[in-house]
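Examining the three-dimensional arrangement
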Amino acid sequence: MIDIKILRESADAVKEAVARKKFACDVDAVVRLDAKRRELITAAESARAEQKAASKAMASLEKGSPEFMEKVGETKALAARAKTLDQEAKVADTAFQSALLTIPNVPDASIPDGRDESYAKEVLSEGDIEAYPHALPHFDIPWFSKLIDFDRGSKVTGAGFPFYIGDAARLVRALLQYFLDAANDAGFQEMAPPIFVNEASATATGQLPDKEGQMYVDQNEELYLIPTAEVPVTNFIRNEILENQMLPLKRCAYTPCFRREAGSWGAHVRGLNRLHQFDKVEVVKWTKPESSLQELESLRAHAESLLRALELPFRTLLMPAGDIGFTHSKQYDLEVFAAGQKRWLEVSSCSSFTDFQSRRANIRYRDEAGNVRFVHTLNGSALAIPRVLAAILENNLQADGSVAVPKVLQPYFKKEFIKG
């Protein structure tokens with residue numbers, strides 16, 4: 001959440017900044033609710049102080065005297081008033097806290113303006129997108145449905161839940177193992193987190209109250225299937241204080257991810273382009289505020305190195321303010337070129353959240369001077385499997401109908417070609 005001190009001192013600047021994003025909010029209403037709750041808290045504290053003073057004065061009076069009985073009545077009235085004000089303050093604080101959650105993170109000054117991806121700034125592009133003479137859309141490869149079965153997945157679960165069979169399952173496993181090994185080599189300690197989280201965890205990272213419609217929920221247990229490993233991994237140290245020398249703290253995790261996101265029909269959501277369940281390796285950092293943007297560049301470089309090693313054409317986009325998430329301050333999207341579809345597919349977002357998530361999650365650190373401060377959180381996909389797999393199948397399709405396995409994956413996959 002945004003620092004309330006910033007709202008109090010610079011409400012107009014916050015309104016101007018968040019107006020660059022796509023989320024409607026009422027900064028002035030939050031400021032008014034903050035003032036109201038503080039007024040009530042002060043009044044309640046004053047009433048309790050008066051009650052305490054009256055009780056102390058009563059103790060010096062003769063019991064049963066007119067003065068004593070008068071002070072008893074005064075004390076009871078003050079106690080009732082303090083109780084009422086306490087209750088009103090709690091109601092006002094709840095309203096304020098709920099309203100504060102509606103204010104998005106402030107976008108970094110370095111990102112471009114614009115309402116959608118068309119306003120993104122390309123900061124890197126690698127690979128020859130014309131170098132694939134045999135490419136086909138992955139869903140049009142003749143043997144595709146034998147290895148990635150959407151029909152049976154739909155029968156067993158529903159649309160967007162395919163079965164991976166034989167070499168397809170093995171290639172997914174090879175990609176995951178390579179991504180995890182690369183993350184470990186880059187200093188990210190591996191974790192195996194839960195794939196369900198509670199409401200507090202989802203709220204801390206910003207999925208709630210923003211993305212309820214995209215999450216699968218077990219209403220009996222009030223648990224949510226994770227849309228990304230970011231949620232459980234970031235919450236691993238919720239309500240904790242880290243020591244200065246522990247930062248930057250780096251973790252990685254593989255999980256299946258679950259998203260109910262609705263998509264329009266058409267070729268751009270066919271096959272592996274958009275799924276409700278998919279596998280992904282996530283990398284997460286907790287950093288000091290002064291180094292967080294530098295750590296974002298390092299995180300982005302790590303994700304880029306994976307696409308480079310897979311020999312896939314890719315580009316990196318600095319996303320505009322109107323297209324980044326509610327909790328995001330700065331975001332890079334990495335897109336791989338799928339030569340069969342002749343289109344770019346997003347395979348990673350690398351993002352800085354400044355102290356927005358850590359304030360919700362109460363994750364702090366003790367700096368060199370001993371002061372307790374909020375950390376900055378960062379995360380990125382490194383990488384999401386389905387669209388990377390789609391690009392490998394399309395770009396590496398050979399004249400004989402086989403698919404060449406990227407060299408970096410061959411030690412894991414144990415074969416050079418997939419032949420359907």
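Residues numbered from 1 in each chain as written. Predicted model: local features only at pLDDT ≥ 70, side-chain atom pairs only at ≥ 80, totals over all residues. Heavy atoms only, no water.

1. A look at the packing of aromatic side chains
Within this structure, the stated rule accounts for seven aromatic pairs. When the ring of F23 is compared with that of F326, the centres are 5.2 Å apart and the planes differ by 85°; the resulting orientation is edge-to-face. Of this pair, F23 sits in the loop between α2 (11-18) and α3 (27-59) while F326 sits in the loop between β11 (314-318) and β12 (330-338), and the two are 303 residues apart along the sequence. Residue classification places F23 among the buried residues on the basis of a relative accessible area of 19%. We classify F326 as buried; its relative accessible area is 6%. Note on F337 and W344: the rings are 5.2 Å apart at their centroids and 65° apart in plane angle, and the pair reads as edge-to-face. Feature note: the residues F23, F326 and F356 constitute an aromatic cluster, connected by ring pairs. Here R170 stacks its cationic end above the ring of F413, 4.6 Å away from the centre of that ring. Sitting over the face of the ring of Y216, R260 holds its NZ or CZ atom 6.0 Å from the ring centroid. (Phe/Tyr/Trp six-rings, centres within 6.5 Å; stacked < 30°, edge-to-face > 60°. Helix = DSSP H or I, 4+ residues; strand = E, 2+ residues; numbered from the N terminus. Buried < 20%, exposed > 50% of the residue type's maximum accessible area, 1.4 Å probe, protein only. Lys NZ or Arg CZ within 6 Å of the ring centre and 35° of its normal.)

2. A few points about the side chain of N379
Topologically, N379 is positioned in strand β16 (residues 376-384). Looking at N379, the relative accessible area reads 5%, which means it is buried. Of note is the side chain of N379, whose polar atom sits 3.3 Å from the side chain of E230. Not counting residues up to four positions away in its chain, the partners in contact with N379 are E230, E282, V283, V284, L299, S349, C350, S351 and F353. (Polar contact = N/O pair within 3.5 Å; in protein donor to acceptor, adjacent residues only side chain to side chain. Contact = heavy atoms within 4.5 Å.)

3. Focus: a negative patch on the surface
On the surface, E199, E212, E221 and E222 cluster together into a negatively charged patch. Residue position: E222 is located in the loop between β6 (217-218) and β7 (223-225). (Patch = residues over 30% accessible without salt bridge, like charges linked within 9 Å, V, L, I, M, F, W, Y side chains within 5 Å. Areas by Shrake-Rupley, 256 points an atom, 1.4 Å probe, with all protein chains shown as cover. Salt bridge = Lys/Arg side-chain N within 4 Å of Asp/Glu carboxyl O. Lys, Arg positive; Asp, Glu negative; His and termini not counted. Charge placed at Lys NZ, Arg CZ, Asp CG, Glu CD.)

4. Concerning the state of the cysteines
In total, this model carries zero disulfides according to the counting rule given. Lacking any disulfide linkage, C257 is separated from the closest cysteine sulfur, that of C252, by 14 Å. The thiol of C350 is unpaired, and the distance to the nearest cysteine sulfur, on C252, comes to 14 Å. Judged by relative accessible area, which is 0%, C350 ranks as buried. (Disulfide = S-S within 2.5 Å.)

5. Observations concerning the sheet that holds β6
By definition, the strands of a sheet pair up through backbone hydrogen bonds, in either a parallel or an antiparallel sense. The antiparallel open sheet is built from three strands, whose spatial order is β5-β7-β6. The open sheet has two edge strands with one neighbour each: β5 (196-198) and β6. In terms of strand pairing, β5 meets β7 through three bridges, oriented antiparallel. Residue pairing across strands places F196 opposite L225, the latter belonging to β7. (Pairing = 2+ DSSP bridges.)

6. Some thoughts on the nonpolar core
F179 and V388 are the most contacted members of the largest nonpolar core, which totals 63 residues. In terms of residue count, the dominant contributor to this core is helix α7 (residues 167-185) (eleven residues). Ignoring sequence-local partners within four residues, the contact set of V388 consists of L175, F179, L310, L312, V347 and L383. Counting 17 residues, the second-largest nonpolar core is a separate cluster that includes L7, A11, V30 and L101. (Core = buried A, V, L, I, M, F, W, Y, C linked by side-chain atoms within 4.5 Å.)

7. Brief notes about the pairing of strand β13 (residues 343-352)
Most of β13 sits out of view: seven of its ten residues are buried. As paired elements, β12 and β13 share nine bridges and run antiparallel to each other. Among the inter-strand pairings, D333 is bridged to a residue of β13, identified as S349. The antiparallel hairpin formed by β12 and β13 contains four residues in its connecting segment, where K342 sits at a positive phi of about 55°. Across three bridges, β13 lies against β16 in antiparallel orientation. For S352, the partnering residue across the bridge sits in β16 and is L378.

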